[in-house]
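Tertiary structure, described
The lines below spell out each chain.
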Amino acid sequence: MIRKSGSLNLKIGDMVKMNPDAMLNGGGLAIVISLHEDIPGLHHIRYLKDGYEIPADDMIDILEVVSRANG
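What comes next is a walk through the structure. All values derive from a computational prediction rather than experimental measurement.

For the rest of this paragraph, the subject is the packing of aromatic side chains. Counting across every chain of the model gives one aromatic pair. Ring plane angle 40° and centroid distance 6.3 Å describe the contact between Tyr-47 and Tyr-52, whose orientation is recorded as tilted. Owing to a relative accessible area of 1%, Tyr-47 belongs among the buried residues under this scheme.

Another aspect to go through is the side chain of Asn-25. Among the structural elements, Asn-25 can be located in the loop between strand E1 (15-18) and strand E2 (28-35). You can call Asn-25 buried: its relative accessible area is 18%. At a separation of 3.3 Å, a polar atom in the side chain of Asn-25 contacts the side chain of Asp-50. The contact partners of Asn-25, leaving out residues within four places of it in the chain, are Tyr-47, Lys-49, Asp-50 and Tyr-52.

The next subject is the side chain of Asp-61. For Asp-61, the position within the fold is in the loop between strand E4 (53-57) and strand E5 (62-67). Despite its burial, Asp-61 remains without a salt bridge, the nearest opposite charge being carried by Arg-3 at 9.1 Å. Here Asp-57 takes part through its backbone nitrogen, which lies 3.0 Å from a polar atom of the side chain of Asp-61.

Summed over all chains, the structure comprises two salt bridges. Note that Glu-53 and Arg-46 form a salt bridge whose closest N and O atoms lie 2.6 Å from each other. Of the residues examined, Arg-46 reaches a relative accessible area of 36% and is grouped as partly exposed.

Calculation criteria
Residues numbered from 1 in each chain as written. Predicted model: local features only at pLDDT ≥ 70, side-chain atom pairs only at ≥ 80, totals over all residues. Heavy atoms only, no water. Phe/Tyr/Trp six-rings, centres within 6.5 Å; stacked < 30°, edge-to-face > 60°. Buried < 20%, exposed > 50% of the residue type's maximum accessible area, 1.4 Å probe, protein only. Helix = DSSP H or I, 4+ residues; strand = E, 2+ residues; numbered from the N terminus. Polar contact = N/O pair within 3.5 Å; in protein donor to acceptor, adjacent residues only side chain to side chain. Contact = heavy atoms within 4.5 Å. Lys, Arg positive; Asp, Glu negative; His and termini not counted. Salt bridge = Lys/Arg side-chain N within 4 Å of Asp/Glu carboxyl O.

Now the structure itself:
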C-alpha cells in the first residue's frame, strides 16, 4: 500500500508497525525518534526488538500507527 506522504501525521514518540517487505531489518514495532525537517514524510525510527535506527518514510516503510505519543 502506498499512501500520501505525511498522511499518518507522525509525532516523536509514536509507536509504529514496520513493513517487513520494505525494510532491511524486517517487520516489527518501532518508535519515531525524530522527524526529518528537509524531507516531509521521512522519519527516523528505532526498532524495539534490537535498537536498530534507520530513516523510514510514511508512504511505504511504516504500515500503521500502533500507539500515539501523549502531548
